[in-house]
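# Observations on chain architecture
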Amino acid sequence: MTSTRSTSAPEPPAPDASVHEAPAHDRPAHDPSDHDAAPAREARGHAPSPPGGSDVPPAGPADDARAAATSPPRNGLASPAALALATLALLVLVPYAHPGLWRLRLLTPLPEGKGLVVVPAPAPTASVGETTLAMETTEQTELRQPEEVALPAAAVELMPAAVALEGKPPRPIEDPSGEAMTPFFRALAAVERKAPGSIARITYFGDSIVASDFVTATLRRKLQKRFGDAGHGFMLMANAWPGYFHNDVVRLAGPGWQVSRVVGPFAKDGLYGLGGVSFRSQGAGVFSRFATAETGTYGRAVSRFAVDYLKHPEGGRMEVKIDGETREMIDTRADQAASAIATYEVPDGPHALEVRAHGPGVRAFGVWMERDTPGVVLDAIGIQGCRIRFLDKSDDAHFAEQLRARSPSLTVFQYGMNESEDGELFPLDQVESTMKAVLDQVRAALPGSSCLLVGPMDRADKKGEVYRSRPVIPKLAAIQRRVAAQVGCGYFDTFGAMGGSGSMGIWVQRGLGGADLAHPSGAGAEVIGRWLYLALMEAYEGWKASAPRP
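Residues numbered from 1 in each chain as written. Predicted model: local features only at pLDDT ≥ 70, side-chain atom pairs only at ≥ 80, totals over all residues. Heavy atoms only, no water.

### What to know about the overall build of the chain
- Across its full length, the chain carries 15 helices and 19 strands.
- Among the 550 residues that make up the chain, the fraction classed as buried is 51%.
- Within the chain, contacts between residues separated by at least 24 positions form 81% of all contacts whose residues are at least 6 apart in sequence.
- Here the chain has roughly 25,200 Å² of accessible surface; of this, 56% comes from carbon and sulfur atoms. (Helix = DSSP H or I, 4+ residues; strand = E, 2+ residues; numbered from the N terminus. Buried < 20%, exposed > 50% of the residue type's maximum accessible area, 1.4 Å probe, protein only. Contact = heavy atoms within 4.5 Å. Areas by Shrake-Rupley, 256 points an atom, 1.4 Å probe, with all protein chains shown as cover.)

This is the structure in structure tokens:
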């Protein structure tokens, strides 16, 4: 398919909304103390000319002495400059005496990340190359999402009773065609019948919410609880971002991987694998390790590992170990660049796989874990800072090949947070056209698969004690709903389910929204994951009631 990379409008900056530090362009463009400079300069002005004009002779030393002896002491507080300062102070303080004048308060601290003058940031310079991951990938136990998340009491009051009891979702899956979800539901039905070899795979793309395996962990667990645990799915070779995490699996990696990403720096050849990140070893000893979970209900067994890597002219040698024993030594050097997948079968149970470079040039994308048992697998493909159009940074043929290698029954796309960061600096008509182009590309690669768009969450800004939704959010939701219908995907209205405009402020106050007013809290992610599960199951039961028996 022809690439859809657009040059008609400059890309706005691509900071991820999950980074809570204020962007440089949102900081004050000048010091508020400058407001106090003018009165000070006025007080330092020249003294007024004496009365009488030029006919008055200049005073001599004797006159000055007599004046000093006979005149009363002069009060500096009654000078015009002092009166001006007092008037200014009064004008500054009046708004603090009346709550209705809060907008006129000059000395109130601005919310974090907000400046007095907001200047649009310049378009970024696209860089091609790599960046080195100096950090190690550790277990990050502090990021684990509990299997059972207790909602705050205030949040329970907010949630409809039916939702709290795992009943009816607040919004259904919208499917004008009536056929968008059929391939996925057929796969679920086969799994439910325990048909041999049946697996319902979900490949779930998204931004930082998915990168942290927040909503996706809840959805994966609930589907696996009902239909069976068929494995964890795809994971990147290492943490391409500090917040990248996966529940119900053990992941470790040492430093020394260099990365190119669809959010930059870009790979010259556009080859990023399924997860949007290409990893290349700097030298011998660079490793990544993937293992089944040691605690909990999910992820305790695996029967198949698959290593997704690249053969290429500068390729090096990599060793694959399973449970500490060498399974294969792979030479990744080849005349032409080409994707490759090495698959390793193991007895169903707890296992660990390690990929270790024996020199520079090993280029790999990730590993997936599955089981030979009917059930559900969910790949959480989270890319921090990503917009859906960034998926088109990948070479079209390569991306299609990677999708077909996974062969998902359902592809899900949850974007909008970073598009809302852009506002309308990137024109909304191009947001729509590039989104449609990416989805058309995925649909062409997977003609027998279902697809679902999960609409954007509400996002707010806070002024004083007032939360206001960003005006672009309902526009983005409308675009996603329209594109989903055009390309034949289902749509879930997250914005409407939350309560529409103004809902993020309520979510934050009830413990469901993050402090950045953009992300959900852990409890909020649990709620959205639960809603998605309920909406999918409602649609699935409706399909079963109307579908002919196999």
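Don't stop here, the text continues.
### As for unusual backbone geometry
- A cis geometry characterises the amide bond from Gly-264 onward to Pro-265, with omega recorded as -5°.
- Note on placement: Pro-265 falls in the loop between strand E5 (257-261) and strand E6 (277-281).
- The residue Lys-194 is not glycine, and still its phi comes out positive at about 60°.
- As for its position among the elements, Lys-194 is in the loop between helix H6 (182-192) and strand E2 (199-206).

### A look at the sheet that holds strand E12 (residues 352-358)
- Read from one edge of the open sheet, five strands run E4-E7-E12-E9-E10, paired in antiparallel fashion. Of all the strands in the sheet, just strand E4 (249-253) and strand E10 (325-331) have a single pairing partner and so form its edges. Neighbouring strand axes in the sheet, compared pairwise and without regard to direction, differ in orientation by 15° on average.
- Pairing geometry for strand E9 (residues 317-322) and E12, over five bridges, is antiparallel. In the sheet register, Lys-321 faces E12, and the bridge partner there is Glu-354. (Pairing = 2+ DSSP bridges. Axes fitted to C-alpha atoms, helices over the stretch in contact; angles between N-to-C directions.)

### Considerations on the state of the cysteines
- Summed over all chains, the structure comprises one disulfide.
- Residue pairing for Cys-451: its cysteine sulfur links by disulfide to Cys-489, the two sulfurs lying 1.5 Å apart. Because the torsion about its S-S bond is -95°, the bridge between Cys-451 and Cys-489 counts as left-handed. With a gap of 38 residues between them, Cys-451 in strand E16 (residues 450-454) and Cys-489 in the loop between helix H12 (472-487) and strand E19 (490-492) connect regions that are remote in the sequence. Here Cys-451 and Cys-489 have matching classes, each one buried. (Disulfide = S-S within 2.5 Å.)

### Overview of the packing of helix H9 (residues 396-406) against helix H11 (residues 428-445)
- The geometry of H9 relative to H11 is characterised by a closest axis approach of 9 Å and an angle of 55° between their N-to-C directions. By the angle class used here, H9 and H11 are oblique. For the pair H9 and H11, the crossing hand works out as right-handed. For the pair H9 and H11, contact is made by Asp-396, Phe-399, Ala-400, Leu-403 and Arg-404 and by Gln-441, Val-442 and Ala-445, respectively.
- Residues belonging to the contact of H9 with H11 are distributed by class as follows: five nonpolar, one polar and two charged. (Parallel < 35°, antiparallel > 145°, perpendicular 65-115°, else oblique. Left-handed = near helix turned anticlockwise from the far one by under 90°. Nonpolar A, V, L, I, M, F, W, Y, C, P; charged D, E, K, R; others polar.)

### Focus on H6
- For H6, the tally of buried residues reaches eight of 11 residues, placing the bulk of the element in the interior.
- Residues of H6 that are buried: Thr-182, Phe-184, Phe-185, Ala-187, Leu-188, Ala-189, Ala-190 and Val-191.
- Taken together, the buried residues of H6 touch E2, helix H8 (215-227), strand E14 (375-382), strand E15 (410-414), E16 and helix H15 (522-546).

### Let's talk about the nonpolar core
- Ranked by size, the top nonpolar core spans 76 residues in total, and within it Phe-205, Phe-279, Leu-353, Leu-391 and Phe-413 carry the most contacts.
- Within the second largest apolar cluster, 53 residues are counted, among which are Ala-189, Val-215, Leu-536 and Tyr-540. (Core = buried A, V, L, I, M, F, W, Y, C linked by side-chain atoms within 4.5 Å.)

### Details of the confidence of the model for the chain
- When pLDDT is averaged along the chain, the result is 82; 75% of the residues meet or exceed 70.
- Within the model, the stretch residues 13-73 combines pLDDT values under 50 with 51 contacts to residues more than four positions away or in other chains.
- The low-confidence segment residues 98-125 (pLDDT under 50) makes 46 contacts with residues lying over four places distant or belonging to another chain. (pLDDT = per-residue confidence, 0-100.)

### Topic: the pattern of salt bridges
- Taken as a whole and judged by the stated rule, the model has 30 salt bridges.
- Across the pair Glu-192 and Arg-226 runs a salt bridge whose closest N-O atoms are separated by 3.3 Å. In this pair, Glu-192 is assigned in helix H6 and Arg-226 in helix H8, connecting sequence segments 34 residues apart.
- Accessibility expressed as a relative area gives 33% for Arg-226, which makes it partly exposed.
- The closest approach of N and O atoms between Glu-370 and Arg-304, which form a salt bridge, is 3.1 Å. In this pair, Glu-370 sits in strand E13 (residues 363-370) while Arg-304 sits in strand E8 (residues 302-311), placing the two residues 66 residues apart along the sequence.
- Taken together, the shared-partner salt bridges in this structure form one network comprising Arg-201, Arg-304, Glu-345, Glu-370, Asp-372, Asp-379 and Arg-406. (Salt bridge = Lys/Arg side-chain N within 4 Å of Asp/Glu carboxyl O.)

### Overview of the pairing of strand E17 (residues 460-463)
- Summarising the sheet, E17 and strand E18 (residues 466-469) pair through four bridges and their orientation is antiparallel. Within E18, the residue paired with Lys-463 across the bridge is Val-466.
- Hairpin remark: E17 followed by E18, antiparallel, with two residues in the connecting loop; positive phi at Gly-464, about 65°.

### A few points about the packing of aromatic side chains
- Applying the stated rule across the entire model yields 10 aromatic pairs.
- Considering the side-chain rings of Phe-205 and Phe-399, the 6.1 Å spacing of their centres and the 70° angle between planes classify their relative orientation as edge-to-face. Of this pair, Phe-205 sits in strand E2 while Phe-399 sits in helix H9, and the two are 194 residues apart along the sequence.
- Its relative accessible area of 0% is what places Phe-205 among the buried residues.
- The interplanar angle of 65° and the centroid separation of 5.8 Å between the aromatic rings of Trp-507 and Trp-531 together place this pair among those described as edge-to-face. Here Trp-507 is found in helix H14 (residues 503-509), whereas its partner Trp-531 is found in helix H15, with 24 residues between them in sequence. Each member of the pair, Trp-507 together with Trp-531, is buried.
- Here a set of aromatic residues connected by ring pairs shows up, and it is made of Phe-184, Phe-185, Phe-227, Tyr-540 and Trp-543.
- Over the aromatic face of Phe-390 sits the side chain of Lys-393, whose NZ or CZ is 5.8 Å from the ring centroid.
- The ring centre of Trp-368 lies 4.5 Å from the NZ or CZ of Arg-406, which sits over that ring. (Phe/Tyr/Trp six-rings, centres within 6.5 Å; stacked < 30°, edge-to-face > 60°. Lys NZ or Arg CZ within 6 Å of the ring centre and 35° of its normal.)

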